4 protein chains.
Amino acid sequence: MAGNSFGRIFSVTTWGESHGAALGAVVEGCPPGIALGAEDIQKDLDRRRPGRALTSPRAETDAVEILSGVFEGLTTGTPISLIIYNRDVRSSDYSQISKLFRPGHADRTYVQKYGLRDWRGGGRSSARETAARVAAGAIARKFLSALGLSVQAFTLALAGVECAVFDADEINRNPLYCPDREAAEKMVARLKEIQEKGDSAGGIVEIRATGCPPGLGEPVFDKLDARLAAAVMSVGAVKGVEIGEGFKAAFLLGSGNNDPLTPEGYQSNHAGGILGGISTGMDIIVRAAVKPIPSISLPQHTVDANNAPAIITVKGRHDVSAIPRIVPVLEAMTLLVLADFMLHPLPKRA
Amino acid sequence: MAGNSFGRIFSVTTWGESHGAALGAVVEGCPPGIALGAEDIQKDLDRRRPGRALTSPRAETDAVEILSGVFEGLTTGTPISLIIYNRDVRSSDYSQISKLFRPGHADRTYVQKYGLRDWRGGGRSSARETAARVAAGAIARKFLSALGLSVQAFTLALAGVECAVFDADEINRNPLYCPDREAAEKMVARLKEIQEKGDSAGGIVEIRATGCPPGLGEPVFDKLDARLAAAVMSVGAVKGVEIGEGFKAAFLLGSGNNDPLTPEGYQSNHAGGILGGISTGMDIIVRAAVKPIPSISLPQHTVDANNAPAIITVKGRHDVSAIPRIVPVLEAMTLLVLADFMLHPLPKRA
Amino acid sequence: MAGNSFGRIFSVTTWGESHGAALGAVVEGCPPGIALGAEDIQKDLDRRRPGRALTSPRAETDAVEILSGVFEGLTTGTPISLIIYNRDVRSSDYSQISKLFRPGHADRTYVQKYGLRDWRGGGRSSARETAARVAAGAIARKFLSALGLSVQAFTLALAGVECAVFDADEINRNPLYCPDREAAEKMVARLKEIQEKGDSAGGIVEIRATGCPPGLGEPVFDKLDARLAAAVMSVGAVKGVEIGEGFKAAFLLGSGNNDPLTPEGYQSNHAGGILGGISTGMDIIVRAAVKPIPSISLPQHTVDANNAPAIITVKGRHDVSAIPRIVPVLEAMTLLVLADFMLHPLPKRA
Amino acid sequence: MAGNSFGRIFSVTTWGESHGAALGAVVEGCPPGIALGAEDIQKDLDRRRPGRALTSPRAETDAVEILSGVFEGLTTGTPISLIIYNRDVRSSDYSQISKLFRPGHADRTYVQKYGLRDWRGGGRSSARETAARVAAGAIARKFLSALGLSVQAFTLALAGVECAVFDADEINRNPLYCPDREAAEKMVARLKEIQEKGDSAGGIVEIRATGCPPGLGEPVFDKLDARLAAAVMSVGAVKGVEIGEGFKAAFLLGSGNNDPLTPEGYQSNHAGGILGGISTGMDIIVRAAVKPIPSISLPQHTVDANNAPAIITVKGRHDVSAIPRIVPVLEAMTLLVLADFMLHPLPKRA
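Residues numbered from 1 in each chain as written. Chains lettered and ligands numbered in written order. Predicted model: local features only at pLDDT ≥ 70, side-chain atom pairs only at ≥ 80, totals over all residues. Heavy atoms only, no water.

## Concerning the overall build of chain A
Turning to step 1, where the next piece is worked out: Each helix and strand counted, chain A has seven helices and 18 strands in total.
Turning to step 2, where the next piece is worked out: Its C-alpha atoms give chain A a radius of gyration of 21 Å, within 12% of the compact-globule value 20 Å for 350 residues.
Turning to step 3, where the next piece is worked out: Expressed along its principal axes, the backbone C-alpha trace of chain A runs to roughly 65 × 50 × 40 Å.
Turning to step 4, where the next piece is worked out: Summarising the internal contacts of chain A: among those between residues at least 6 apart in sequence, 70% fall at separations of at least 24. (Helix = DSSP H or I, 4+ residues; strand = E, 2+ residues; numbered from the N terminus. Rg over C-alpha atoms; globule rule 2.2 N^0.38 Å. Contact = heavy atoms within 4.5 Å.)

## So, the interface of chain D and chain C
Turning to step 1, where the next piece is worked out: Contacts between the two partners involve 107 residues from chain D, matched on the other side by 107 residues from chain C.
Turning to step 2, where the next piece is worked out: Looking only at chain D, the three residues that lose the most surface to chain C are D:Lys113, D:Phe221 and D:Lys239, adding up to 11% of its buried area.
Turning to step 3, where the next piece is worked out: Taken together, the links from chain D to chain C amount to two salt bridges.
Turning to step 4, where the next piece is worked out: Across the pair C:Lys113 and D:Glu218 runs a salt bridge whose closest N-O atoms are separated by 3.2 Å.
Turning to step 5, where the next piece is worked out: Across the chain D-chain C interface, the total number found is 39 residue pairs in polar contact (both at pLDDT 80 or more). (Buried area = accessible area lost by both parts, 1.4 Å probe. Salt bridge = Lys/Arg side-chain N within 4 Å of Asp/Glu carboxyl O. Polar contact = N/O pair within 3.5 Å; in protein donor to acceptor, adjacent residues only side chain to side chain.)

## Some details on the relation of the copies chain D and chain A
Turning to step 1, where the next piece is worked out: Expressed as a screw transformation, the operator carrying chain D onto chain A has a rotation angle of 180° and an axial translation of 0.0 Å, and the superposed copies differ by an RMSD of 0.0 Å. Taken together, the turn and the small shift mark the pair as related by a two-fold rotation axis.
Turning to step 2, where the next piece is worked out: A symmetric contact is evident, with 100% of the interface residues of chain D recurring at the interface of chain A. (Least-squares fit on C-alpha atoms with pLDDT ≥ 70 in both.)

## What about the relation of the copies chain D and chain C?
Turning to step 1, where the next piece is worked out: Mapping chain D onto chain C calls for a screw motion: a turn of 180° about the axis and a shift of 0.0 Å along it, with 0.0 Å RMSD after fitting.
Turning to step 2, where the next piece is worked out: Most of the interface of chain D is mirrored in chain C, where 100% of its interface residues again form contacts.

## Details of the nonpolar core
Turning to step 1, where the next piece is worked out: Residues A:Ile326, B:Ile326, C:Ile326 and D:Ile326 are the most contacted members of the largest nonpolar core, which totals 347 residues.
Turning to step 2, where the next piece is worked out: When sequence neighbours within four positions are dropped, the list of residues in contact with A:Ile326 reads A:Val205, A:Val235, A:Ala237, A:Val238 and A:Val290. (Core = buried A, V, L, I, M, F, W, Y, C linked by side-chain atoms within 4.5 Å. Buried < 20%, exposed > 50% of the residue type's maximum accessible area, 1.4 Å probe, protein only.)

## What about the packing of aromatic side chains?
One pair of aromatic rings is described through two measures. These are the centre distance and the angle between the planes.
All names here are of chain A.
Turning to step 1, where the next piece is worked out: Under the criterion given, the structure shown has 22 aromatic pairs over all chains.
Turning to step 2, where the next piece is worked out: Centroid distance tyrosine 110 to tyrosine 114: 5.3 Å. Interplanar angle 55°. Geometry classified as tilted. Placement of both tyrosine 110 and tyrosine 114 in helix α2 (residues 107-114) is noted, with a separation of four residues, approximately one turn of the helix. Accessibility classification places tyrosine 110 together with tyrosine 114 in one group, the buried group. (Phe/Tyr/Trp six-rings, centres within 6.5 Å; stacked < 30°, edge-to-face > 60°.)

## Quick word on helix α4 (residues 181-196) of chain D
Residues and elements named next belong to chain D.
Turning to step 1, where the next piece is worked out: Taking 1.5 Å as the rise per residue, α4 with 16 residues should run 22 Å; its terminal C-alpha atoms sit 23 Å apart, in good agreement.
Turning to step 2, where the next piece is worked out: The complete set of buried residues in α4 reads Ala183, Ala184, Met187, Leu191 and Ile194. One face of α4 carries all of its buried residues, which in axial projection span an arc of 95°. Residues Arg181, Glu182, Glu185, Lys186 and Glu196 are exposed on α4 and point more than 90 degrees away from its buried face.
Turning to step 3, where the next piece is worked out: In this structure, the buried residues of α4 make contact with β8 (150-158) and β9 (161-162).
Turning to step 4, where the next piece is worked out: The distance from a side-chain oxygen at the start of α4 to the backbone nitrogen of glutamate 182 is 3.1 Å, and the residue carrying that oxygen is aspartate 180.
Turning to step 5, where the next piece is worked out: Glycine 198, located one to two residues past α4, shows a positive phi value of around 80°. (Expected span 1.5 Å × (residues − 1). Arc of directions from axis to C-beta.)

## Points about the sheet that holds strand β11 (residues 238-243) of chain A
Turning to step 1, where the next piece is worked out: Spatially, β9(A)-β8(A)-β10(A)-β16(A)-β11(A)-β11(B)-β16(B)-β10(B)-β8(B)-β9(B) is the arrangement adopted by the 10 strands of the open sheet, whose pairing is antiparallel. The strands lining the two open edges of the sheet, one partner per strand, are β9 (161-162) of chain A together with β9 (161-162) of chain B.
Turning to step 2, where the next piece is worked out: Sheet analysis places strand β8 (residues 150-158) of chain A next to β9(A), joined by two bridges and oriented antiparallel. Counterpart to A:Leu158 in the pairing with β9(A) is A:Val161.
Turning to step 3, where the next piece is worked out: Docked against the sheet, helix α7 (residues 326-343) of chain A engages β8, β10 (203-210), β11 and β16 (284-290) of chain A, running at close to 145° with respect to β8(A). (Pairing = 2+ DSSP bridges. Axes fitted to C-alpha atoms, helices over the stretch in contact; angles between N-to-C directions.)

## Description of the interface of chain D and chain A
Turning to step 1, where the next piece is worked out: Counting residues at the interface gives 41 residues for chain D and 41 residues for chain A.
Turning to step 2, where the next piece is worked out: Broken down residue by residue, the surface that chain D buries against chain A is led by D:Trp15, D:Leu67 and D:Phe71, which jointly contribute 19%.
Turning to step 3, where the next piece is worked out: In this structure, the connection of chain D to chain A is made through zero salt bridges.
Turning to step 4, where the next piece is worked out: Our count for the chain D to chain A interface comes out at 11 residue pairs in polar contact (both at pLDDT 80 or more).

## Some words on the pairing of strand β2 (residues 11-16) of chain D
All names here are of chain D.
Turning to step 1, where the next piece is worked out: Taken across its six residues, β2 has six buried, putting it largely inside the fold.
Turning to step 2, where the next piece is worked out: Residues Ser11, Thr13 and Trp15 of β2 are buried on one face, and the alternating residues Val12, Thr14 and Gly16, pointing to the opposite face, are buried as well.
Turning to step 3, where the next piece is worked out: The pairing of strand β1 (residues 5-6) with β2 spans two bridges and is antiparallel. Of the residues in β2, the one forming a bridge with serine 5 is threonine 13.
Turning to step 4, where the next piece is worked out: Between the end of β1 and the start of β2, which pair antiparallel, lie four residues, with glycine 7 showing a positive phi angle near 105°.
Turning to step 5, where the next piece is worked out: Pairing between β2 and strand β3 (residues 22-28): six bridges, direction antiparallel. Paired with threonine 13 across the strands is valine 26, a residue of β3.
Turning to step 6, where the next piece is worked out: A loop of five residues connects β2 with β3, the two strands running antiparallel in sequence.

## Notes on the packing of helix α5 (residues 224-233) of chain A against α7(A)
Residues and elements named next belong to chain A.
Turning to step 1, where the next piece is worked out: One can describe the packing of α5 onto α7 by two numbers: an axis separation of 9 Å at closest approach and a directional angle of 145°. The handedness of the crossing between α5 and α7 comes out as right-handed. Residues Leu224, Arg227, Leu228, Ala231 and Val232 of α5 form the contact with α7, whose own contacting residues are Leu330, Met333, Thr334, Val337, Leu338, Asp340 and Phe341.
Turning to step 2, where the next piece is worked out: Considered class by class, the residues forming the contact of α5 with α7 number nine nonpolar, one polar and two charged. (Left-handed = near helix turned anticlockwise from the far one by under 90°. Nonpolar A, V, L, I, M, F, W, Y, C, P; charged D, E, K, R; others polar.)

## Things to note about helix α2 (residues 107-114) of chain B
Turning to step 1, where the next piece is worked out: Within α2(B), eight of the eight residues are buried, leaving the element largely enclosed by the surrounding structure.
Turning to step 2, where the next piece is worked out: All of the buried residues along α2(B) are B:Asp107, B:Arg108, B:Thr109, B:Tyr110, B:Val111, B:Gln112, B:Lys113 and B:Tyr114.
Turning to step 3, where the next piece is worked out: Residues of α2(B) that are buried sit in contact with β12 (261-262), β13 (265-266), β14 (274-275) and β15 (278-279) of chain A.
Turning to step 4, where the next piece is worked out: A positive backbone phi angle near 85° is found at B:Gly115, which sits one or two residues after α2(B).

## Structural notes on the sheet that holds strand β7 (residues 80-85) of chain C
Residue and element names in this part refer to chain C.
Turning to step 1, where the next piece is worked out: Here we have five strands laid out as an open sheet, ordered β1-β2-β3-β7-β4, and antiparallel in their pairing. Each having just a single partner strand, β1 (5-6) and β4 (64-66) make up the two edges of the open sheet.
Turning to step 2, where the next piece is worked out: Relative to the sheet, helix α1 (residues 38-48) contacts β4 and β7, its axis offset from that of β4 by approximately 150°.

## Things to note about the pattern of salt bridges
Turning to step 1, where the next piece is worked out: This model, assessed by the stated rule, comprises 76 salt bridges over all chains.
Turning to step 2, where the next piece is worked out: Between B:Lys142 and B:Asp40 there is a salt bridge, and its shortest N-O distance comes to 3.2 Å. On the criterion of sequence distance, the pair formed by B:Lys142 in helix α3 (residues 130-145) and B:Asp40 in helix α1 (residues 38-48) is long-range, its members being 102 residues apart.
Turning to step 3, where the next piece is worked out: With relative accessibility at 14%, the residue B:Asp40 sits in the buried group.
Turning to step 4, where the next piece is worked out: Its salt-bridge partner being B:Glu331, residue B:Arg141 comes within 2.7 Å of it at the nearest N-O pair. Taken as a pair, B:Arg141 in helix α3 and B:Glu331 in helix α7 (residues 326-342) lie far apart in primary sequence, 190 residues in all.
Turning to step 5, where the next piece is worked out: A residue is classified by how much of its surface remains accessible, and B:Arg141, at 21% relative accessible area, is partly exposed.
Turning to step 6, where the next piece is worked out: Connected through salt bridges with shared partners, the residues A:Asp44, A:Arg47, A:Arg141 and A:Glu331 form a single ionic network.

## Let's talk about the confidence of the model for chain A
Turning to step 1, where the next piece is worked out: Looking at chain A, the pLDDT average stands at 94 and 94% of residues meet or exceed 70.
Turning to step 2, where the next piece is worked out: Across the interface, the model reports ipTM at 0.97; the global pTM reads 0.97. (pLDDT = per-residue confidence, 0-100.)

## Section: unusual backbone geometry
Turning to step 1, where the next piece is worked out: Looking along the chain, the bond that leaves A:Ile323 and enters A:Pro324 is cis, with omega of 15°.
Turning to step 2, where the next piece is worked out: Its place among the elements puts A:Pro324 in the loop between β18 (309-312) and α7.
Turning to step 3, where the next piece is worked out: Phi is positive for A:Asn307, close to 65°, though the residue is something other than glycine.
Turning to step 4, where the next piece is worked out: Position of A:Asn307 among the secondary structure elements: in the loop between β17 (300-303) and β18.
Turning to step 5, where the next piece is worked out: At B:Asp62, a residue that is not glycine, the phi angle is positive and equals roughly 55°.
Turning to step 6, where the next piece is worked out: On the secondary structure map, B:Asp62 appears in the loop between α1 and β4 (64-66).
Turning to step 7, where the next piece is worked out: Classification of B:Asp62 by relative accessible area gives buried; the value is 0%.

## Regarding the environment of D:Pro179
Turning to step 1, where the next piece is worked out: Residue placement: D:Pro179 occurs in the loop between β9 and α4.
Turning to step 2, where the next piece is worked out: Taking the C-alpha atoms as reference points, D:Pro179 and D:Val290, separated by 111 residues in sequence, lie 17 Å from one another.

See the structure below:
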């Protein structure tokens, strides 16, 4: 209830601070008998690793170890403990923020909630925590892929540039996980400009799940879309989430938004694969609005712990945008939701 | 875990089908000693009642009874059971849908999940279930108002018409809970046109919570925004949810999206009252995208239970839009989230 | 979290006070497609009904209604709401206890916890609440019986008299659910003596579950025995619970307590059907220690709400022992635990 | 829901196998601002450490590290991750049990549940897992001691020898945590005899919590005694649990079992500090029946994975009794329950 666990049957508990000794995840409820090695997890972690072009120069290898729950290469049904030791920890970069609250960050709300905070790199509120989510999500991915489910996220808009083309093959070819090569090039150019000005950018990520059977989701409060919304919104920089047509549906008529049914299936997928909170069998389509990273080197008004006014220019090793590193994080959260619902009791199918 | 409960400490379990004997809610965790009568709940129920202009002519009085948890006018800390008997139940209106799946509805996904369904009026998947949410939310409202918290939702866009003006006093003056009188008039006109064509419309609702102290929300998975997103997205017609700038934040720069701090407080509220998943003390601002109601009388392609093709024209007593009746429902879900977090242990404040 | 719900997948929420309008239960997670009528539930309720020999003369028919979750005679997978209206409510019997705390009862602890209490008949702390448990348990019984599981409880000791014989057929022949006819007669005689003296008696109830497959229980905290212990101890008068040899095991040697294995199965069942918190496939054996009912008409020292000393002689319509009416309640709790675990994901079996 | 977590607000998730790389615990919900160092935890771990007289010669130092949740010596309100690396791991000792199921152990039920098992030292079902519980309990102790609550467990009976005297000062003077020095000496002598015969012994442990305020516990299912019963029964060797008079209450009359009230408080404590599932303010008294350790070197009938008959004589480094090492484990479980309830919302007190 303290908020560090997610999921009911397939669940994860994460722990760890940005500049603490380590961070990790405990994955519970993973079915036994699944082949799992650290390399399965490392693959996903490497996709969100800092140190890539346009991202923070913090040189973390993010090497993950499996400490429990796997025996002779197979999951045993007992909790799988994952640990990632923090290596490149330079708390000195953050000495300034020990005294000042960074606008747009959780510095002040953590103090208001807890009375104190681990200010080193944002402590628990750092995006670094999402490494644990990605590690857990990789286990969900392994479990789901054997059942024919896959999840892929990609960048739909970034720094004011929107995709005009969807080329699935392109997604993993460019560093932005963008399905439109030309748009990706413009995004890179635009990000560099923004970075030089000491500013930051936001964008939109779309997540698609394929191969999902009908019947997932628990009305009326744990609808599949409600859980996905919570999952996606729980990721640091996300300020909006939508399913299928999403906010566009607000401006459609019923005749344009309904998906007619034929013996061959749905004729369209405005619903984004979910009706009445239950999966339809069509692709599940989720979009997340990602705000610009609050760490900017432009001077900003703020206050210190004594509420005295101050000017802050955030230093340290920051990304210019949460995209692309948030892309595998959003995949992980979606994978965790789906793995969980796949283990809910599934009654008779018609 | 079957999805009919919401909340951890202040929680609600709802039950009931559209055309069953009754529907109800069990509210747990409400603190003892709060003055509560059926009239407190009736007030909110009356705001979502069918039978108003532009809404379904189903003539439910939605009279609520309190069956437990209140003694001598005060809550006792034990579960509060609420019941609303269904009166105006004409299942015959729905005989057609006993055989055909209505596009955009949960008819088919319920059969796929459960193997059978109560087809009378949509059964459990009917929007009628939200009466129980509103009833529970009214108890949360009573609890919160004593603490200085209030929640108000209103219509921001409907049937393609967007508000240009925000006049708080206007909201409860027109039947659409719209803060812009002229816009409201255009919405009504537009809805009538759509209704005549046998179609339906969607829109956008904004929810504002005022008086919320800083410190609510449980990082990292039960962030205040994550819980609000789940709460709002769990309401039938909602396809998108955003906090503060929401999807607009995706196109802003960090310098434009951050809220600078001064000794007097935040200079702006792009964040919508939440940073790092924790309330800041500013107004909490949530927006929901509401899809057009799927029940339309225009002919649509569908299939029957044997997957044979068919044409359906949905009859019965339907609203032309989920707005305005969804407005008090979205208030209720927000009230439930806030009441729950207000009872989480709140450690020292700085 | 407020304590009125039990179970994870197959779960029940109870509500209601002894002398309120009604009491009820909401059963969630019951699989769809199970034939269920009020008569299935009534059967079990009749077994705990007051008004039998040696029990309270309160004349409740305890007629149960199903308000939701059943359509055309089958469960639908949605919540099943059960209601039992209170009929024979004479609060005047309890006017004395509105002012004095009854020793051995929860009167004072409720005031200490909640600041006020519904004193009519003990309010929420009354054993009357267990009617809702029995009603919910009857649904679990219906679900489990189709899977070959059955649960039976019986009186092993009462008012100082212990069974010497186990005759399964005898259990439902005598009003005490006692498997030893002679012992039952002695118990009745002894209870009458105790009743005449204005005192009350306790005893021991054994619960046996048969047909349970191996594999139920979730180590390490939700072991089958841990959940059973909680279930049984949550019933009002229970002060002890043991599995298999129970407290006797504390005085055995390993060689005498272990159950040897042969190709035909276990050679004994000292373990009571549970090893490492997981069912073995043998009968599950649980015993509950039931304290004497605290309502006695002998004078007792107590205090009033102002902590002034007083003498109380509890009047009203009381049983002389929680046995036999607790017997179906303990069955119900066991049924609820087993139904829940039967719906947990059951991985591959060896 | 997979059973590795305990508690609602103050909660713990444990992970790890007997002969895996490490074992650990993640403690969530611990309030911020509590002084905590590894030494606070080590103190309790040392009390259950193997390598003491009469216990397994496995030479684990059980050195604990805090990986997160503590900053500058204070808890931060974020999850506290604890790790204990396994050092003295000799899996070869267990090669025999890779093929045979040990009677009285969870070897066979784990295979029946999960389809495979980590057989090294019992894997997850090993008592070694309780080290993680003790570590978590030590944090609960630190939190509770500041509030004036303390918990102490001691040996009431062992190997057939029962205490006749209660000398609180004696408890920590002898290796058996026994409050009766003479009894302790007899226990040691008796244990040696049993050990020489290749057998094992059980006993009874009593747990007392002092300083607990009235009002803890959540009727009707999460009563304080129900949660304590689950907590205690979830510990490996425990087969029975009782509160206050416990099983003796079954043979008392109401007049003898009720605790009369005077302005000075309760005149007795037959209830063991709990009425109606809520703490009374008196000492909370719990007793656990501990079965003899199933690992014995006497030959026993068993089967192998192919269900072929076999004779097993369990080798390896085993204790002759779960007592005394279980004593701090039972303290830990009680501490965890109390810490959790102390953080539940406590309404007005009378």
